[in-house]
Amino acid sequence: MSSTRIVIDLDLPGGTISRHLYGHFAEHLGRSIYGGFFVGEDSEIANEAGIRLDVVEALRELAIPNLRWPGGCFADDYHWRDGVGPRESRPRMVNSHWGDIVEDNSFGTHEFMRLCELLGADAYVNGNVGSGTVREMSEWIEYLTRADDSPMAVLRRENGRDEPWRVPFFGIGNEAWGCGGNMRAEAYADLARQYATYVRDHGENRVYRIAAGANVDDLDWTEALMKALGCLGCDGQGSSPYQAVSLHYYTMTGPWERKGSATDFDEDEWYLALSRAFRIEQLLTRHSTVMDRHDPRKRVGLVLDEWGTWWDVEPGTNPGFLYQQNTLRDALVASVHFDAFHRHADRLVMANIAQTVNVLQAMLLTDPETGALVRTPTFHVFAMNVGHHDARALDAHVVDGDTRFVDGRDLPLISASASTKDDVALVSLSNLDVSEARMVVLDLRGRSIEGWSARLLTAESTAAHNVPGEPDQVAPVDFDGVRRHERGLQIELPAHSYATVSIQLGV
Ligand code: AHR
């Protein structure tokens with residue numbers, strides 16, 4: 001069995017891995033909101049104010065730190081005033097991006113903020129630049145966060161909510177280069193400055209404004225957004241109209257017309273997907289380098305507010321609803337992303353998987369007929385990584401690691417990252433090899449090891465996935481494959497698996 005050594009200096013913790021790197025996304029798309037998060041008060045499915053309690057309970061296991069809403073592309077078609085007030089009098093609209101269906105606006109601002117409260121998650125509200133006005137955006141943040149008798153605070157009270165909410169994150173449009181208005185970078189950058197100016201801090205609420213950023217490797221877009229901020233800190237205040245720029249990157253193995261099946265793939269497609277997932281490292285490095293040129297002190301954050309796998313929809317489902325299954329391959333795409341996120345935590349301040357329920361690389365899938373809910377393999381990676389939230393990053397140097405040549409580059413077959421919090425080190429290990437187990441030696445330096453426990457996520461087949469009736473085909477188990485080694489610990493990591501090792505540290 002080949003062996004890989006990973007060197008970790010336990011006594012040299014670096015920066016904090018923000019819990020917001022484990023953020024989520026709920027768009028008015030397919031069965032994400034309707035049937036996913038929201039079933040209405042009259043549903044037989046247990047709910048509070050129409051919000052599914054089984055979904056809330058499951059997501060609480062992930063300690064989800066923030067939830068982005070209402071889009072995505074939908075955000076730039078959405079007019080928030082249509083989604084407040086008595087449900088029966090809310091106007092309808094066409095959801096032109098996602099299935100061209102009629103949206104009845106029964107899930108709006110109050111329902112979303114209640115969902116965030118139930119989840120214990122921060123709200124990330126995404127405003128409309130593409131088809132909305134500056135006034136509309138300005139009044140939305142006033143409605144959400146103002147306490148006194150301002151016109152919007154009064155309207156909120158008339159609609160049943162006395163206290164203002166806390167809204168820490170606000171998006172200034174979405175994909176302005178595409179569905180958000182087909183703009184040129186410089187034109188959008190000017191609009192972003194303008195709109196963000198009117199997303200005001202009311203009372204105690206402090207908003208972190210996120211400008212709609214680049215698609216994949218469009219470094220010019222990031223450059224334009226950073227350039228538009230001018231000389232950061234020259235005024236001695238360090239203030240800027242927006243505090244972060246976003247980035248979107250999806251893992252795909254084919255062109256849009258033929259993205260491939262979520263569950264029916266061969267060995268080459270397995271490796272291709274994982275190689276594409278690894279690309280996130282290069283993208284984060286490149287966008288960060290552009291940002292460094294304008295902002296060496298890293299005042300402006302990078303927010304990867306859409307990431308994950310994008311496969312062909314499940315046969316027989318609406319092509320506009322983006323409903324896809326989720327296998328062990330998706331789980332490893334997620335773990336590889338998290339390893340990269342941890343390494344870039346100095347610039348990357350937030351990330352949001354697309355999306356949380358029933359859309360793209362979801363945590364939860366619900367059956368449209370029976371309502372049954374399953375946790376996906378990706379859910380389990382998020383759950384196994386909760387210990388990394390707000391922990392301090394530890395460098396994990398993979399030495400002598402095997403690689404495989406895929407898609408023009410070397411794909412490392414072992415991916416790893418580590419963090420530490422409260423005298424515990426958490427090490428994440430992914431074995432991307434389809435068929436070979438690997439011996440991993442953790443070369444642990446700087447502190448003693450008092451004990452350990454480990455969890456393992458794997459399955460017989462790489463395409464294993466969970467369905468109602470068989471919800472635990474891919475689920476984590478306690479793992480006893482960890483032994484003491486003269487350099488620290490050794491782990492026999494099965495083929496196509498993900499493991500976390502939690503190590504109790506002494507002096
Ligand atoms: O997540 C699905 C869609 O992908 C989003 O609405 C859009 O922003 C992106 O293109």
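Just so it is clear, the model here is predicted, and its values are computed rather than measured.

Caption draft 1: Molecular detail of the site of the ligand. Taken together, 13 residues form the shell around the ligand, and within it Glu27, Cys73, Glu175, Tyr250 and Glu306 come nearest. Within the backbone of cysteine 73, one N or O atom sits 2.9 Å away from an oxygen atom of the ligand. Here asparagine 174 contributes a side-chain N or O atom positioned 3.0 Å from an oxygen atom of the ligand. Split by residue class, the shell around the ligand holds seven nonpolar, three polar and three charged.

Caption draft 2: Broad picture of the packing of aromatic side chains. Under the counting rule described, the total for this entry stands at 24 aromatic pairs. Look at tyrosine 22 and phenylalanine 382: their rings are 6.0 Å apart centre to centre, the planes differ by 85°, and that puts the pair in the edge-to-face class. Here phenylalanine 382 lies in helix α9 (residues 377-384) and tyrosine 22 lies in the loop between β1 (3-9) and β2 (24-25), a separation of 360 residues in the sequence. Tyrosine 22 gets classed as buried once you look at its relative accessible area, which sits at 1%. Relative to tryptophan 140, the ring of tyrosine 78 lies with its centre 5.9 Å away and its plane at 50°, an arrangement referred to as tilted. Remark: tryptophan 140 occurs in helix α3 (residues 134-145) and tyrosine 78 occurs in the loop between β5 (66-69) and β6 (93-95); sequence separation between them is 62 residues. The pair formed by tyrosine 78 and tryptophan 140 is uniform in burial state, with each residue classed as buried. An aromatic cluster is present here, built from Tyr34, Phe38, Trp69, Phe74, Tyr78, Trp80, Phe107, Phe112, Trp140, Tyr143 and Phe170 joined pairwise through their rings. The ring of phenylalanine 25 carries the charged tip of arginine 68 above its face, separated from the ring centre by 4.5 Å. Positioned above the aromatic ring of tryptophan 311, the side-chain terminus of arginine 329 is 3.8 Å from the ring centre.

Caption draft 3: Molecular detail of helix α8 (residues 328-343). Between its first and last C-alpha, α8 extends 23 Å over 16 residues, near the 22 Å set by a 1.5 Å rise per residue. In terms of residue burial, α8 counts as a mostly covered element, since 15 of its 16 residues are buried. Measuring from the backbone nitrogen of arginine 329 back to the side-chain oxygen at the start of α8 gives 3.0 Å, which picks out threonine 327 as the cap.

Caption draft 4: Main features of the sheet that holds β5. With respect to topology, eight strands assemble into an open sheet ordered β2-β5-β8-β9-β10-β11-β12-β13, the strand pairing being parallel. Both edges of this open sheet fall to β2 and β13 (348-353), since each of them pairs with a single strand only. As paired strands, strand β11 (residues 244-251) and strand β12 (residues 301-309) are joined by seven bridges and run parallel to one another. Looking at the pairing, threonine 251 lines up with threonine 309 of β12.

Caption draft 5: Summary view of the domain arrangement of the protein chain. If you check the domain split of the protein chain, you get domain 1 (2-10 + 394-505) and domain 2 (19-38 + 64-317 + 347-356). Put simply, the middle of domain 1 and the middle of domain 2, counted by C-alpha atoms, are 33 Å apart. Contacts between the two partners involve 15 residues from domain 1 and, on the opposite side, 13 residues from domain 2. Summed over both sides, the interface of domain 1 with domain 2 buries roughly 1300 Å², with 65% coming from carbon and sulfur. Residue arginine 404 is joined to glutamate 267 by a salt bridge in which the shortest nitrogen-to-oxygen separation is 3.8 Å. Between domain 1 and domain 2 we count four residue pairs in polar contact (both at pLDDT 80 or more) in total. Listing elements by their share of the side of domain 1 that touches domain 2, those giving two or more residues are β18 (403-406) and β19 (409-412). Counting residues per element, the side of domain 1 that touches domain 2 draws most heavily on β19, which supplies three residues. The residue inventory of the side of domain 1 that touches domain 2, partitioned by class, reads seven nonpolar, four polar and four charged.

What counts and what doesn't
Residues numbered from 1 in each chain as written. Predicted model: local features only at pLDDT ≥ 70, side-chain atom pairs only at ≥ 80, totals over all residues. Heavy atoms only, no water. Near = heavy atom within 4 Å. Polar contact = N/O pair within 3.5 Å; in protein donor to acceptor, adjacent residues only side chain to side chain. Nonpolar A, V, L, I, M, F, W, Y, C, P; charged D, E, K, R; others polar. Phe/Tyr/Trp six-rings, centres within 6.5 Å; stacked < 30°, edge-to-face > 60°. Helix = DSSP H or I, 4+ residues; strand = E, 2+ residues; numbered from the N terminus. Buried < 20%, exposed > 50% of the residue type's maximum accessible area, 1.4 Å probe, protein only. Lys NZ or Arg CZ within 6 Å of the ring centre and 35° of its normal. Expected span 1.5 Å × (residues − 1). Pairing = 2+ DSSP bridges. Domains from an automatic or database assignment. Contact = heavy atoms within 4.5 Å. Buried area = accessible area lost by both parts, 1.4 Å probe. Salt bridge = Lys/Arg side-chain N within 4 Å of Asp/Glu carboxyl O.

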